[in-house]
Amino acid sequence: QVQLVESGGNLVQPGGSLTLSCRASGFTFSREGISWYRQAPQKAREFVAHVARGGTTNYGDFVKGRFTVSRDNRSNTVYLQMNNLQSEDTAVYYCNAPNRDAWGQGTQVTVSS
């Protein structure tokens, strides 16, 4: 009954910002890392960010510096704050609990000029 529920995807203009949320349940959230991936149509899934249980973060090569991943263990939620969004960031964004191989349903981010 592991579950990840994403929200926050929307339409945003280039250069704009957006924050995604991933609410987790069904496991001990505070002891596990959470990742974000994205996938555009006809493209491979791409690693975006990871936050470990202790707060250590890693980012994909093309998002580091623009995106910030964080977690709030009190609410079992991981956030992905995205700044300076570009059209190339348009994709469905998924959160993932690697230790559980659990995925959210995805949330659409569209960056349009």
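Heads up: the structure comes first, above all this text.
A short tour of the structure in this document, coming up. (Residues numbered from 1 in each chain as written. Predicted model: local features only at pLDDT ≥ 70, side-chain atom pairs only at ≥ 80, totals over all residues. Heavy atoms only, no water.)

1. Re the overall build of the protein
What the protein contains, in helices and strands, is zero helices and eleven strands. From first element to last, N terminus to C terminus, the protein shows the α and β order β-β-β-β-β-β-β-β-β-β-β. Against the compact-globule benchmark of 13 Å for 113 residues, the protein has a radius of gyration of 13 Å, which places it among compact chains. Dimensions of the protein along its principal axes, counting C-alpha atoms only, are 40 × 25 × 20 Å. For the protein, with 113 residues in total, the buried portion stands at 42%. Excluding contacts between residues fewer than 6 apart, the proportion of contacts in the protein whose partners are at least 24 apart in sequence is 53%. On the protein, roughly 6,200 Å² of surface is accessible, and the fraction owed to carbon and sulfur atoms is 42%. Separation between the mean location of the 11 positive side-chain charges and that of the 8 negative ones in the protein comes to 7 Å. (Helix = DSSP H or I, 4+ residues; strand = E, 2+ residues; numbered from the N terminus. Rg over C-alpha atoms; globule rule 2.2 N^0.38 Å. Buried < 20%, exposed > 50% of the residue type's maximum accessible area, 1.4 Å probe, protein only. Contact = heavy atoms within 4.5 Å. Areas by Shrake-Rupley, 256 points an atom, 1.4 Å probe, with all protein chains shown as cover. Lys, Arg positive; Asp, Glu negative; His and termini not counted. Charge placed at Lys NZ, Arg CZ, Asp CG, Glu CD.)

2. Some words on the side chain of T107
Positionally, T107 belongs in strand β11 (residues 107-111). Once residues lying within four places of it in the same chain are set aside, the contact partners of T107 are E6, S7, G8, G9, L20, A91, V92 and Y93.

3. Topic: the sheet that holds strand β8 (residues 77-82)
If you trace the four strands from one edge of the open sheet to the other, you get β1-β3-β8-β7, paired in antiparallel fashion. Only two strands of the sheet have a single partner each, and these edge strands are β1 (3-7) and β7 (67-72). Across this sheet, the average inter-strand angle for adjacent strands is 15 degrees, counted without regard to direction. Here β7 runs beside β8; their pairing, made up of six bridges, is antiparallel. (Pairing = 2+ DSSP bridges. Axes fitted to C-alpha atoms, helices over the stretch in contact; angles between N-to-C directions.)

4. Structural notes on the side chain of E32
Residue position: E32 is located in the loop between β3 (18-25) and β4 (34-39). Residues contacting E32, with those up to four places away along its chain left out, are F27, R53, R71, N99 and R100.

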